[in-house]
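Listed below, chain by chain, are the residues.
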Amino acid sequence: MATYDMTMNLTEENKQTIKDALETKGAVAPCARCSTPTMSILDSLVALTSIKPNESGDDQEYGPILPAAALICTNCGHLVLHSAGILGLTQQLGIR
Ligand SMILES: [Zn+2]
């Protein structure tokens with residue numbers, strides 16, 4: 001298993017690690033929007049965060065970052081996110 005280099009895209013080995021984790025969890029269903037069987041793993045992990053107004057209401061604050069693996073339907077472009085932490089990828093890919 002290869003550590004994820006944040007300056008580069010996911011390697012094919014990294015993508016295989018993600019694919020294996022999804023298969024282990026049984027997350028292998030076709031696209032939920034168009035039923036196309038092929039979902040591709042995006043070339044990099046993505047980071048989700050929350051946004052809320054700050055106390056004075058004149059700016060906004062961001063919450064903690066949730067790293068995620070993203071899949072895209074090769075037909076309709078539907079995007080699906082999987083928490084890297086839940087899949088055990090943060091440790092396997094060396095991200096925090
Ligand atoms: Zn689709």
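So, here's what we can say about the structure. (Residues numbered from 1 in each chain as written. Predicted model: local features only at pLDDT ≥ 70, side-chain atom pairs only at ≥ 80, totals over all residues. Heavy atoms only, no water.)

## Regarding the overall build of the protein
Of the regular secondary structure elements, the protein holds two helices and six strands. Along the protein, helices and strands appear, N-terminal first, in the series α-β-β-β-β-β-β-α. For the protein, the C-alpha atoms occupy an extent of roughly 50 × 35 × 25 Å along the three principal directions. Out of the 96 residues in the protein, the part that is buried amounts to 28%. Here the analysis covers contacts within the protein between residues at least 6 apart in sequence; of these, 52% occur between residues at least 24 apart. When the accessible surface of the protein is split by element, carbon and sulfur atoms take 52% of a total near 6,500 Å². Here the protein contributes 6 positively and 10 negatively charged side chains, and the mean placements of these two sets differ by 8 Å. (Helix = DSSP H or I, 4+ residues; strand = E, 2+ residues; numbered from the N terminus. Buried < 20%, exposed > 50% of the residue type's maximum accessible area, 1.4 Å probe, protein only. Contact = heavy atoms within 4.5 Å. Areas by Shrake-Rupley, 256 points an atom, 1.4 Å probe, with all protein chains shown as cover. Lys, Arg positive; Asp, Glu negative; His and termini not counted. Charge placed at Lys NZ, Arg CZ, Asp CG, Glu CD.)

## Some details on the pattern of salt bridges
Tallied over the full model, the rule gives one salt bridge. For the salt bridge of Asp43 with Lys15, the shortest nitrogen-to-oxygen distance reads 2.5 Å. Of this pair, Asp43 sits in the loop between β1 (39–41) and β2 (46–48) while Lys15 is found in helix α1 (residues 12–24), placing the two residues 28 residues apart along the sequence. The exposure class assigned to Lys15 is buried, which follows from its relative accessible area of 14%. (Salt bridge = Lys/Arg side-chain N within 4 Å of Asp/Glu carboxyl O.)

## Describing the coordination of the zinc ion
Coordination sphere of the zinc ion, protein contribution only: Cys31 (SG), Cys34 (SG), Cys73 (SG) and Cys76 (SG), at 2.3 Å. The coordination sphere of the zinc ion comprises four donor atoms, whose angles at the metal cover 102 to 115°; the geometry is tetrahedral. When the donor residues of the zinc ion are listed from N- to C-terminus, their spacing reads C-x2-C-x38-C-x2-C. On the criterion of sequence distance, the pair formed by Cys31 in the loop between α1 and β1 and Cys76 in the loop between β5 (66–73) and β6 (79–83) is long-range, its members being 45 residues apart. Classification of Cys31 as buried rests on a relative accessible area of 3%. The exposure class of Cys76 is partly exposed, given its relative accessible area of 41%. (Donors = N, O, S within 2.8 Å, 3.2 Å for Na, K, Ca; no water. Tetrahedral: all angles 85-135°; square planar, octahedral: opposite > 155°, others 65-115°.)

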